[in-house]
Amino acid sequence: LMTAAAAAIVATGATTAQAQCDEGEMVIKFSHVTNTDRHPKGIAATLLAERVNEEMNGKACMEVYPNSTLYDDDKVLEAMLQGDVQLAAPSLSKFEQFTKGFRIFDLPFMFKNIDAVDAFQNSETGQAMKESMVRRGLLGLAFWHNGVTQISANKPLISPDDAKGLKFRVQPSEVLKANMESLGASPQPMAFSEVYGALQTGVVDGQENTWSNIYGQKFFEVQDGITETNHGVIDYLLVTNVDWWEGLDEDVRNQLSTIINEVTEARNSESFKVNEEAKQAIIDAGGEVRQLSAEQRQAWVDAMKPVWETFLDDVGQENIDAAQEFNA
Ligand code: LMR
């Protein structure tokens, strides 16, 4: 049985895309878990490496390891603190051990769309979040977008009651677990690279993710269909080790920082489009996409929104209010 990650490597030849680092160049390893094409993070990581390798040639060399080929997200932050990897971009749901502040991004129906997420991240509150884990050794360099999440299972999901009693893979986040429990479903935290196999063998019945991840991991092949709920958000923090970052020569850090900011701006503004293309690719490949009427969608909102109350103290009413303003 080939894992989805392994299948994706075969499909894209991703591991062959390594830069050849020259002697004397500082090696920057960037580990992530998704595929490289038709994926906001995959495309951004590749572009970042291309620019660094061209513009910083002789000084720095970036190697990107996609598809969980170097680390799963549950290992990468530890590896970063050990100095074994310099860049990663785990989803905001994967920082639970470092901060509870990111829980706002996992609350269901918090953000209307990725533009609202973008505006919140660019607010003073959002920008401060990048530095919220410095004491723990991690520095956020940029927020990178994926998009809003959809839900799928091995049976049609139209009413929230349809999810009752089913097992859903979730990212390791207390909020995401509570979301599933609010539906009467059973959450199963699991690494991204294991999801395809778990869906295929029936270890779990369903999952939630963005179009680009559902497409990239081919989840639609082993699910009955995908319901377009837009109920959550998967977004990333491009993160590094504080000591490594501060130890860089100032000109190197500035140049890297400028490239990161330019790549972030260029790719974040395309993330919606990349997900729409992935959605179309799912449909073209024969995947079933189900739309909800406004009334049907409201039933999901009513079922899940009580989770906000549970995490109010972690997240802060003032932050929820700020986030809601960007939905207007
Ligand atoms: C997931 O685990 O489902 C996502 O965080 C994967 C990713 O990096 O988009």
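If you're wondering where the values come from, they're calculated on a predicted model, not measured in any experiment.

Asker: What's the story with the overall build of the protein chain in this structure? I'm lost.
Answerer: From N to C terminus, the protein chain includes 15 helices and nine strands. For the protein chain, the C-alpha radius of gyration of 19 Å lies close to 20 Å, the compact-globule estimate for 328 residues. Structurally, the protein chain occupies a C-alpha span of about 60 × 45 × 30 Å along its principal axes. Residues classed as buried in the protein chain amount to 56% of the 328 residues present. Summarising the internal contacts of the protein chain: among those between residues at least 6 apart in sequence, 75% fall at separations of at least 24. Carbon and sulfur atoms make up 45% of the accessible area of the protein chain, which amounts to about 13,800 Å² in all.

Asker: So what exactly am I meant to see when it comes to the pattern of salt bridges here?
Answerer: Once the charged atoms of two side chains with opposite charge are near each other, the side chains can pair. Tallying each qualifying case throughout the model produces ten salt bridges. A salt bridge links aspartate 161 to lysine 164; the nearest nitrogen and oxygen atoms lie 3.2 Å apart. You can call aspartate 161 partly exposed: its relative accessible area is 48%. Assessed through its relative accessible area of 52%, lysine 164 is described here as exposed. Taking the shortest distance from any N to any O, the salt bridge between aspartate 224 and arginine 290 comes out at 2.8 Å. Placement of aspartate 224 in the loop between helix H8 (211-216) and strand E8 (225-241) and of arginine 290 in strand E9 (residues 289-290) is noted, with a sequence separation of 66 residues between them.

Asker: Just checking my understanding: could you explain the state of the cysteines for this structure?
Answerer: Disulfides are covalent bonds that connect the sulfur atoms of two cysteines. The full count for this structure, using the stated rule, is one disulfide. Note that cysteine 21 is cross-linked by a disulfide to cysteine 61, the S-S spacing being 1.9 Å. Measuring handedness by torsion sign, the sulfur bridge of cysteine 21 and cysteine 61 sits at about -75° and is left-handed. Note that cysteine 21 is positioned in the loop between helix H1 (4-12) and strand E1 (26-31) and cysteine 61 in strand E2 (residues 60-65), a separation of 40 residues in sequence.

Asker: Help me understand the packing of helix H2 (residues 40-55) against helix H10 (residues 250-268) in this model?
Answerer: Any two packed helices are characterised by the angle at which their axes cross and by the distance between the axes. One way to put it is that H2 packs onto H10 with a least axis distance of 10 Å and a crossing angle of 145°. Classified by chirality, the crossing of H10 by H2 is right-handed. On H10, the residues that touch Ile43, Ala44, Leu47, Leu48, Arg51, Val52 and Glu55 of H2 are Gln255, Leu256, Ile259, Ile260, Glu262, Val263 and Arg267.

Asker: Would you mind going over the packing of aromatic side chains with me for this structure?
Answerer: Aromatic ring pairs are described here by two measures, namely the spacing of the ring centres and the angle between the planes. Counted according to the given criterion, the structure contains ten aromatic pairs. A centroid spacing of 5.5 Å and a plane angle of 75° characterise the contact between phenylalanine 95 and phenylalanine 102, whose relative ring orientation is edge-to-face. Under the relative-accessibility criterion, phenylalanine 95 is labelled buried at 0%. Three or more aromatic residues joined by ring pairs form one cluster here, namely Phe95, Phe102, Phe105, Phe111, Phe120 and Phe143. Sitting above the plane of the tryptophan 308 ring, lysine 305 keeps its charged end 4.5 Å from the centroid.

Asker: Please explain the confidence of the model for the protein chain as it appears in this structure.
Answerer: Detailed reading of the predicted model is not advised wherever pLDDT is low. Taken residue by residue, the protein chain gives an average pLDDT of 94. The fraction at 70 or more is 94%. Note that residues 8-17 has pLDDT below 50 and, in this model, 13 contacts with residues that lie over four places away or in other chains. Predicted complex metrics record ipTM = 0.99 and pTM = 0.93.

Asker: What am I meant to see in the pairing of strand E5 (residues 167-170) here?
Answerer: Consecutive side chains of a regular strand alternate in pointing toward one face of the sheet and then the other. Note that E5 and strand E6 (residues 186-189) share four bridges and pair parallel. Looking at the pairing, valine 170 lines up with proline 189 of E6. What joins E5 to E6 is helix H6 (residues 174-182), and the crossover it makes is right-handed. Where E5 meets strand E7 (residues 206-209), two bridges bridge the pair, whose relative direction is parallel. When the bridges of E7 are listed, phenylalanine 168 appears paired with glycine 206.

Asker: Just checking my understanding: could you explain the site of the ligand for this structure?
Answerer: Neighbouring the ligand are the residues Val33, Thr34, Lys41, Ser91, Lys94, Arg169, Gln171, Phe192, Asn209, Asn213, Ile234 and Tyr236. Between the ligand and lysine 94, the relevant distance is 2.6 Å, taken from an oxygen atom to a side-chain nitrogen or oxygen of the residue. Between the ligand and tyrosine 236 there is a distance of 2.4 Å, counted from an oxygen atom to a side-chain nitrogen or oxygen. Look at the ligand: alone it shows 270 Å² of surface, and the protein chains cover 100% of it. With respect to the pocket detection grid, the ligand is positioned in the second largest cavity. Its residues placed into classes, the shell around the ligand shows four nonpolar, five polar and three charged.

Each value, and the rule that gives it
- Sequence order as written defines the numbering, with residues in each chain counted from 1.
- Local features in this predicted model are restricted to residues whose pLDDT is 70 or higher, and side-chain atom pairs enter the listing and the counts only when it is 80 or higher, whereas totals over whole chains, interfaces and linings include all residues.
- In computing side-chain properties, one takes all heavy atoms of the structure into account and sets aside hydrogens as well as water.
- Secondary structure elements are defined from DSSP: runs of H or I of at least 4 residues count as helices, runs of E of at least 2 residues count as strands, and each element is numbered from the N terminus.
- In this description the radius of gyration comes from C-alpha coordinates, and the expected globular size is given by 2.2 Å times residues to the power 0.38.
- Relative accessibility thresholds used throughout: buried, under 20% of the residue-type maximum; exposed, over 50%; partly exposed, between the two (1.4 Å probe, protein chains only).
- Any pair of residues with heavy atoms lying within 4.5 Å of one another is described as a contacting pair.
- Methods summary: accessible areas were calculated by the Shrake-Rupley approach with a probe of 1.4 Å, and residue burial reflects only the protein chains presented.
- Salt bridge, as used here: a side-chain nitrogen of Lys or Arg that lies within 4 Å of a carboxyl oxygen of Asp or Glu.
- Any cysteine sulfur atom paired with another within 2.5 Å is treated as part of a disulfide.
- Only the stretch in contact is used when a helix axis is fitted, and all axes are lines through C-alpha atoms; the angle between N-to-C directions ranges over 0 to 180 degrees.
- Handedness of each helix crossing follows the sense of rotation of the near helix against the far helix: counterclockwise by less than a right angle gives left-handed, clockwise gives right-handed.
- Ring pairs are drawn from Phe, Tyr and Trp, using the six-membered ring of Trp, whenever the two centres fall within 6.5 Å, and their geometry is named by plane angle: stacked under 30 degrees, edge-to-face over 60, tilted for the rest.
- We count a charge as sitting over a ring when the NZ of a lysine or the CZ of an arginine lies within 6 Å of the ring centre and within 35 degrees of the ring normal.
- Confidence of the predictor in every single residue is expressed as pLDDT, which spans 0 to 100.
- A pair of strands is considered paired only if DSSP assigns at least 2 bridges between the two.
- Here a crossover is taken to be right-handed if, once the strands point away from the viewer, the path from the first strand over the helix to the second is traced clockwise.
- Put simply, a residue is near a molecule or strand once any heavy atom of it comes within 4 Å of that molecule or strand.
- Here a polar contact is recorded for every N or O atom pair within 3.5 Å, except that within protein the pair must consist of a potential hydrogen donor and a potential acceptor, and residues adjacent in sequence are included only if both atoms are side-chain atoms.
- Note on definitions: the grid is 1 Å and covers protein atoms alone; a cavity is a set of points where a 1.4 Å probe fits but cannot get out; a pocket is an open set with protein on both sides within 12 Å along at least five of seven lines; lining residues have an atom within 4 Å of a point.
- Assignment to a cavity or pocket requires that more than half of a molecule's atoms be within 2 Å of the site's grid points.
- The classification used treats Ala, Val, Leu, Ile, Met, Phe, Trp, Tyr, Cys and Pro as nonpolar, Asp, Glu, Lys and Arg as charged, and all other residues, Gly among them, as polar.

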